[in-house]
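Notes for the structure review
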Amino acid sequence: AIFLEAASMLISSSLHTSFVTVFKFWPNLADFISAFIIYKFLIKTKTKPVNAALWSTFFLLNPISIIISSAHGQIDSITSLFVLLSIFTLTIYPKKLLIYLSALFLGLAIAFKPNPAILIPLFILYRKINMRQRITYLIVVLVPLLIFMIPFLGQNPNLVIFKMLSYSGVNDLSYAAILRGIWYQNNALTTLPLSSELLNASKFIFATAAFSLILLFAGGKHLIKASLAIYLLFLSVYFGIGSQYLVWVIPLAILAKDKMVFWYSFFGLFALLGFYLFFGPDILLGKLNFILPYQTKNIYLYFLGNLVLWIFSLVWLKKIIRSYIKDNFMAFGQIRKMLVYFSFTLFTFSLIPMLYLIIELFKLYGR
């Protein structure tokens, strides 16, 4: 992303225009290319051209994508584009050599933003390939990241690695936003006590739940649904959710032709409007902005929008998992079944620290 920023600065200087204008061009371009990739993928999977065009248009005109790419100028759509290319290559073309092209695309996605790294196990275990090929796939995934990191590793490798591993996101959306909305009612403060403790607890919850989903989906033919489930899990249980993370779900849901994405887009827009109107109306409205930030009337939209979106994301995730278990679980071997049961039990116990912290938070609220 830093290389893209540097290139945008050079281009903006040579064209005598603003850096923001040039930099926002890239995520919008990525959205247009993604719409084309979605159309081609759906055509390849025997979808009628008119339906494929409608799905592609829905992605292109999706309000969440437009806000994040055009208004906010975040680059998550570039990452999503490379994830789409990786899925397209891995699932449509059977040639083994193209498996590594898929790995390269996935590696480029991670080089821009690290969130697709949580999908790596699903991609490695998707195809029926031998262990050597799986290891090679993983190495190819890591190559782009290592190449782009070389200039920075040469200056201060310990700091670079620490920053990468310690980045935890921001608690702007999901249940963190719900708790912040409740806390604001008590003292008009947006800073939530115990945030770092809640974040650490959520990391453990996500790790155990993701392990369960990987055990459940590994080796199946539902790479897209599995990846969608992992992203929905992240948005549902992780504490450090930023506004731009909402776009991760949309292209995967459209590839799967999951109509739940229509409701997700509506509720997600509701949550984003609350977030931007309260914290940064200038980001949403630009030069047309006439709204002051941190107005109490907008905290209610922020709270309710995130409450509805969070509940809906959990319901959607449950629906995907339940459908997959119904169709596939009985075909699992006994050992795999036991591992799945064990992992879900571990996930249940991982919720205890989070529940304890939320109870402590409400005790503080009562004071």
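Throughout this description, residue numbers start from 1 for each chain and increase along the sequence as written. Local features in this predicted model are restricted to residues of pLDDT 70 or higher, and side-chain atom pairs are both shown and tallied only at a pLDDT of 80 or more, whereas totals for entire chains, interfaces and linings draw on every residue. Note: side-chain values were computed over all heavy atoms of the structure, leaving out hydrogens and water.

To continue, consider the overall build of the protein chain. Along the protein chain, the regular secondary structure elements total 17 helices and 0 strands. To sort residues, take the accessible area from a 1.4 Å probe on protein chains only and compare it with the maximum for the residue type: under 20% means buried, over 50% means exposed, and anything in between is partly exposed. A buried classification covers 49% of the 367 residues belonging to the protein chain. Strands are runs of DSSP state E lasting at least 2 residues, helices are runs of H or I lasting at least 4, and numbering of each runs from the N terminus.

Each axis is a line fitted through C-alpha atoms, taken for helices only over the stretch in contact, and angles between the N-to-C directions span 0 to 180 degrees. At a minimum axis distance of 9 Å, the contact between helix α12 (residues 223-237) and helix α16 (residues 296-328) shows a crossing angle of 150 degrees. Regarding the angle of α12 to α16, the classification is roughly antiparallel. As for the relative orientation of α12 and α16, their crossing is left-handed in sense. Contacts from K225, L228, A229, L232, L233 and S236 of α12 reach α16 at W310, S313, L314, W316, L317 and I320. In this classification, Asp, Glu, Lys and Arg are treated as charged, Ala, Val, Leu, Ile, Met, Phe, Trp, Tyr, Cys and Pro as nonpolar, and every other residue, Gly included, as polar. Along the lines of polarity and charge, the residues of the contact of α12 with α16 split into 9 nonpolar, 2 polar and 1 charged. Angle categories: roughly parallel below 35 degrees, roughly antiparallel above 145, roughly perpendicular from 65 to 115, and oblique for all the rest. We call a crossing left-handed when the near helix sits turned anticlockwise from the far one by less than a right angle, and right-handed when that turn is clockwise. The contact criterion used throughout is that any non-hydrogen atoms of two residues lie within 4.5 Å.

On to the packing of helix α2 (residues 19-44) against helix α5 (residues 76-92). Orientation of α2 relative to α5, taken along the N-to-C sense of each, is 20 degrees, at an axis distance of 8 Å. It follows from the interaxial angle that α2 and α5 lie roughly parallel. In the crossing of α2 with α5, the sense of the turn from one axis to the other is left-handed. Every residue of α5 that contacts α2 at W26, P27, A30, D31, I33, S34, I37, I38, K40, F41 and K44 is listed here: S77, I78, L81, L84, L85, I87, F88, T91 and I92. Taken together, the residues of the contact of α2 with α5 break down into 14 nonpolar, 3 polar and 3 charged.

With that out of the way, let us pick up the environment of V83. You can see V83 is positioned in helix α5. Separated by 59 residues in sequence, V83 and K24 have C-alpha atoms that sit 20 Å apart. Beyond its immediate stretch of four places on either side in the chain, V83 contacts A109, P116 and L119.

Turning our attention to the environment of I311. When you line up the elements, I311 lands in helix α16. Counting along the chain gives 51 residues from I311 to M260, while the straight-line C-alpha distance between them is 13 Å.

We call Phe, Tyr and Trp rings a pair once their centres come within 6.5 Å, taking the six-membered ring for Trp, and we label the pair stacked below 30 degrees between planes, edge-to-face above 60, and tilted otherwise. Applying the stated criterion across every chain yields a total of 35 aromatic pairs. Between F278 and Y302, the aromatic rings sit 6.4 Å apart at their centres with planes inclined by 10 degrees, giving stacked as the arrangement. On the criterion of sequence distance, the pair formed by F278 in helix α14 (residues 260-279) and Y302 in helix α16 is long-range, its members being 24 residues apart. Under the relative-accessibility criterion, Y302 is labelled buried at 0%. By the ring-pair criterion, three or more aromatic residues cluster together here, those being Y184, F275, Y276, F278, F279, Y294 and Y302.

This part is about the confidence of the model for the protein chain. For every residue, the pLDDT score states the predictor's confidence, bounded by 0 at the bottom and 100 at the top. Put simply, the protein chain has an average pLDDT of 92, and 99% of its residues get 70 or more. Ranking the helices and strands of the protein chain by mean pLDDT puts helix α13 (residues 249-255) first, with 97, and helix α9 (residues 157-166) last, with 77.

Two side chains of opposite charge can pair, provided their charged atoms sit close to one another. Any Lys or Arg side-chain nitrogen found within 4 Å of a carboxyl oxygen on Asp or Glu counts as a salt bridge. The full count for this structure, using the stated rule, is 4 salt bridges. In this structure, D76 engages K113 in a salt bridge whose closest nitrogen and oxygen atoms are separated by 3.0 Å. Here D76 is found in helix α5, whereas its partner K113 is found in the loop between α6 (97-112) and α7 (120-124), with 37 residues between them in sequence. D76 gets classed as buried once you look at its relative accessible area, which sits at 1%. One salt bridge connects R180 with D172, and the closest N-O pair in it is separated by 3.2 Å. Comparing R180 with D172, the two get one shared label, buried.

Turning to unusual backbone geometry, a few remarks are in order. What you tend to see is this: most non-glycine residues have negative phi, and most peptide bonds are trans. Notably, H16 is not glycine yet its phi reads approximately 55 degrees, a positive angle. Within the secondary structure, H16 sits in the loop between α1 (2-15) and α2.

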